[in-house]
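# A structural walkthrough
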Amino acid sequence: MMNPEFKRNLWLSFSTHKLIAMPALLTLGALALAMSDKFSDRTADNLYTAAVSAFIFIVWLWGARNANLSIVDELRDKTWDQQRMSALNPWAMTWGKLFGSTSFNWYGGAICLAIAIPAGIIAGDKAWMLDLPAFVATGIMLHATLIALNLHTGQMEMQLIQRGGLGWIVIIFTLISFNIFTDVFIIEHDITWWGIQAPGKLVLLYSTVLFGICAVFSAWRVVSNALQVRTIPWAWPLFALILTAYFSGFSASASEYPVFVISRIGLVITAVMTYGTLFSEPARLPDWNMLRLRQQRNDWRGWLQNLPLWPTTLLLAFCFALLGSLPADNPQTGLGLIYEPFLALPVGFAFMLLRDAGIVLFFSFSPKSKRPGSVALLYLIVLDALLPFFFKVAGLDAVSYFLLPLGNKYGAAVGVMAMATQAIIALGLVAWRLQQSKLAEAA
Amino acid sequence: MIKISGLTFDYPGHRALNNVSLTVEPGSVTALVGPNGAGKTTLMRCIAGLETPLSGSINVGGMDVIEHPREVHRIMGYLSDFFGLYQELTVAQCLEYAAASQGLAEAAIPAAIRMTAQQLDLSDRLQQTSGSLSRGLRQRVAIGQAIIHKPRVLLLDEPASGLDPEARNHLAVLFRQLQADGMTLLVSSHILAELDEYSTHLLSVRDGRVLENRALQATHLPGASRSLRITLAAPDSRLADWLAQQPGIEIHDSGEDQALIGIEGDLLAQSGLLAELVKAGFAVASFAEYKENLQQSYLRSVATHLENMQ
């Protein structure tokens with residue numbers, strides 16, 4: 001039996017009219033281009049470029065819109081509960097949505113490829129063999145990312161997100177990133193990755209396939225949770241490690257201090273991922289109480305299933321920060337963490353992450369706060385930018401440094417301790433909030 | 001069929017369900033009643049496995065909902081208060097999708113669609129898109145989606161809201177039919193008169209707690225085998241005292257021109273009492289069995305709850 005979710009999407013995506021119109025329009029377009037170009041010796045090249053452009057528009061842009069709406073519409077039209085209660089397994093639901101909601105786009109994309117491949121062969125440039133699979137993988141990656149993202153952020157408070165606005169940000173980000181990647185990789189010289197030399201385009205293809213697989217996997221994981229197949233959060237930190245390994249591969253192997261480079265890249269990646277999940281996951285008091293209850297019952301599997309994602313990458317961030325402070329593998333060998341400001345910076349940064357997590361939780365646990373994420377963000381901007389700037393221009397450098405001790409002015413130990421103190425204060429506020437909630441509950 | 005124990009569910013700053021324990025009998029139609037914000041929808045969503053409670057256990061058909069929600073879904077149908085339909089699909093496609101996604105074998109799907117459409121009087125609408133249907137018909141399609149896999153338990157959250165009287169009546173007939181087929185129904189509604197038509201049990205909730213959970217078949221007042229309302233044509237101050245002297249009678253309410261009593265015994269005892277009343281010179285205008293309706297039952301349980309709170 002055909003996957004019901006895929007079949008439902010086919011019903012919605014196709015009609016006889018659409019089935020005929022897509023090939024007719026694309027073939028007409030290709031013919032018109034070929035005929036208008038008949039005196040040029042670059043007809044095949046131009047046809048290839050036009051087909052690829054059409055593919056990008058139909059599959060990437062239009063397809064991304066449809067993938068975006070496949071979840072947004074379910075949530076908006078209140079059909080999501082029915083899907084959550086269905087007997088479909090998460091993988092069937094994932095691929096049914098992934099390829100079903102974009103089936104019409106893949107239909108058009110396949111026609112574009114059917115034009116591009118012979119055009120590429122005639123043009124005599126073998127680049128199409130690497131380019132086209134990369135374009136297909138990017139399309140899948142984009143669609144899967146949007147499905148995962150929309151489901152993950154489905155409970156967020158912002159209307160922009162509820163209407164799929166975040167999807168459009170991802171679409172724009174992907175287009176820009178792909179452009180940058182293409183600019184880097186399209187150059188004919190070889191690229192070295194972890195000591196392996198390969199043509200730039202091949203690296204681009206492998207990269208898109210890798211991230212395509214990661215995106216489909218993440219969509220499957222998010223759908224699994226939505227369909228009540230509980231998972232424990234190992235995939236998110238693993239993805240952070242994959243990203244770290246991937247990006248480090250381009251620079252760490254060439255560096256004299258590979259561990260130092262890896263730790264810095266890892267820290268940046270885990271920080272971005274921690275902030276991303278910190279603001280996108282619901283961190284409500286009942287969720288916290290659930291964790292507490294699981295812990296009291298020694299139900300560690302349940303505890304892990306209820307654990308948000310951000311603590312996993314926060315923990316990794318501390319690991320990377322400490323890894324980067326190893327004296328043996330640093331540009332300034334022989335100096336330890338406490339003595340060298342350059343080495344202490346990541347540790348201070350990791351404490352900053354912890355402090356910010358505490359601030360977000362403090363506002364999220366408030367019974368009165370209606371938009372805890374937005375309020376926390378506002379306070380973080382004040383704390384990390386406005387206040388340090390204000391105290392600096394007011395000549396109170398020490399106060400400014402205490403708030404944002406990422407510089408080198410008073411030494412590494414002072415910087416780390418200042419940020420650790422802030423983190424302890426933030427966690428203290430969270431503890432106070434929890435105590436207040438217990439008192440309110442008892443009353 | 002449904003067994004809930006110590007169920008607690010929190011929303012931020014608000015406890016929606018507070019240590020709820022209850023049982024729903026197999027083959028019953030339980031009216032879930034309570035004011036807005038009482039926790040009815042949350043309770044249903046917890047039973048459906050769509051929300052995870054803070055604590056407590058929910059058992060449906062012998063299966064733990066919290067541990068095995070997907071297994072429970074196989075035997076359960078759920079219609080949420082704000083249900084949605086795929087507007088651009090035809091009724092037949094909606095039903096086919098529901099059947100297939102609930103795991104029905106491909107060969108069994110056409111028959112299931114036919115039967116469900118027949119049950120819901122949708123046979124002549126199968127090729128219409130669901131977006132083009134009226135509210136009542138859409139409601140029927142949504143119910144069809146919930147019952148097409150013949151669940152053993154059906155949860156319906158405000159199924160009659162927005163329906164006209166004819167459609168409500170149709171719904172009542174359907175629910176009775178589903179009950180007769182052996183299905184256990186839990187139905188929440190604000191329209192108690194409508195629930196009265198088909199409910200066998202009352203489950204009353206308020207402030208996240210269960211006020212009352214009992215069978216409605218024995219609709220007589222508690223503590224008596226039969227409830228009677230006596231109405232006199234003219235006020236008679238002797239009525240209460242006279243009734244108090246009669247054996248096997250419990251007075252629940254009495255005035256000079258009417259009384260509500262519980263009487264032990266059968267119809268003969270009832271007929272004997274009537275004869276005695278007439279003989280004693282009371283101008284009996286009516287002497288009828290009294291059945292408490294759902295509205296009265298609910299209000300009484302609320303009143304008892306409020307009294308206990310004071």
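Everything discussed here concerns the structure shown above.
Residues numbered from 1 in each chain as written. Chains lettered and ligands numbered in written order. Predicted model: local features only at pLDDT ≥ 70, side-chain atom pairs only at ≥ 80, totals over all residues.

## A short note on the overall build of chain B
- The helix and strand tally for chain B stands at 10 helices and 14 strands.
- For chain B, the spread of C-alpha atoms along the principal axes amounts to about 75 × 45 × 30 Å.
- Expressed as a percentage of the 310 residues in chain B, the buried residues total 40%.
- Within chain B, contacts between residues separated by at least 24 positions form 66% of all contacts whose residues are at least 6 apart in sequence. (Helix = DSSP H or I, 4+ residues; strand = E, 2+ residues; numbered from the N terminus. Buried ≥ 20, exposed ≤ 12 C-beta atoms within 10 Å, placed from the backbone. Contact = placed C-beta atoms within 7 Å.)

## Side note on the pairing of strand β14 (residues 284-289) of chain B
All names here are of chain B.
- Of all six residues in β14, zero are buried; the element is thus mostly exposed.
- Sheet topology places strand β11 (residues 226-232) next to β14; five bridges connect them, and they run antiparallel. Following the sheet pairing, L232 is matched in β14 by V284. (Pairing = 2+ DSSP bridges.)

## Remarks on the interface of chain B and chain A
- Contact with chain B, which involves 29 residues of that partner, is made by 25 residues of chain A.
- Listing elements by their share of the side of chain B that touches chain A, those giving two or more residues are β1 (2-11), α2 (69-74) and α3 (91-101) of chain B.
- By residue class, the composition of the side of chain B that touches chain A is 13 nonpolar, 11 polar and five charged. (Nonpolar A, V, L, I, M, F, W, Y, C, P; charged D, E, K, R; others polar.)

## A short note on helix α13 (residues 285-296) of chain A
Residues and elements named next belong to chain A.
- Helix length check: α13, at 12 residues, gives a terminal C-alpha distance of 16 Å against a target of 16 Å (1.5 Å per residue), a fit within 8%.
- Restricting attention to buried positions, one finds in α13 the residues L285, P286, D287 and M290.
- Backbone geometry just after α13 places N298 at a positive phi near 55 degrees. (Expected span 1.5 Å × (residues − 1).)

## Overview of helix α15 (residues 310-323) of chain A
- The terminal C-alpha atoms of α15 of chain A, which comprises 14 residues, lie 20 Å apart, in line with the 20 Å expected from a rise of 1.5 Å per residue.
- Looking at α15 of chain A, one finds that the buried residues are W310, T312, T313, L314, L316, A317, F320 and A321 of chain A.

## Examining the packing of helix α12 (residues 258-280) of chain A against α15 of chain A
Residue and element names in this part refer to chain A.
- The interhelical angle for the contact between α12 and α15, taken along N-to-C directions, is 160 degrees, at an axis separation of 8 Å. Between α12 and α15, the angle is such that the two are roughly antiparallel. α12 and α15 meet at a crossing whose hand is left-handed. Contacts between α12 and α15 pair V259, S263, G266, L267, T270, A271, M273, T274, T277 and L278 from the former with W310, T313, L314, L316, A317, F320, A321 and L323 from the latter.
- A breakdown of the residues in the contact of α12 with α15 according to their chemical character gives 12 nonpolar, six polar and no charged. (Axes fitted to C-alpha atoms, helices over the stretch in contact; angles between N-to-C directions. Parallel < 35°, antiparallel > 145°, perpendicular 65-115°, else oblique. Left-handed = near helix turned anticlockwise from the far one by under 90°.)

## Some points on the sheet that holds strand β12 (residues 249-254) of chain B
Residue and element names in this part refer to chain B.
- On the basis of which strands lie adjacent, the open sheet formed by four strands has the order β12-β13-β11-β14 and antiparallel pairing. Pairing within the sheet leaves two strands with one partner each, and these edge strands are β12 and β14. Adjacent strand axes in the sheet meet at a mean angle of 20 degrees, parallel and antiparallel pairs treated alike.
- Against the sheet, helix α9 (residues 267-279) touches β11, β13 (258-263) and β14, its axis set at about 165 degrees to β14.

## Notes on the nonpolar core
Residues and elements named next belong to chain A.
- By size, the foremost hydrophobic cluster in this structure holds 105 residues, and its most contacted members are A51, F55, C112, A116 and A219.
- The greatest single-element share of this core, amounting to 15 residues, is contributed by helix α7 (residues 128-152).
- Excluding residues within four positions of it along the chain, A219 makes contact with T94, L98, A144, I147 and A148. (Core = buried A, V, L, I, M, F, W, Y, C linked by C-beta atoms within 7 Å.)

## A few points about the environment of H73 of chain B
- One can find H73 of chain B in helix α2.
- Taking the number of C-beta atoms within 10 Å as the measure of exposure, H73 of chain B has 26 and is therefore buried.
- For H73 of chain B and I47 of chain B, which are 26 residues apart along the polypeptide, the C-alpha to C-alpha distance reads 9.9 Å.
- For H73 of chain B, the residues in contact, after removing those within four places along its chain, are M85 and A87 of chain A together with G49 of chain B.

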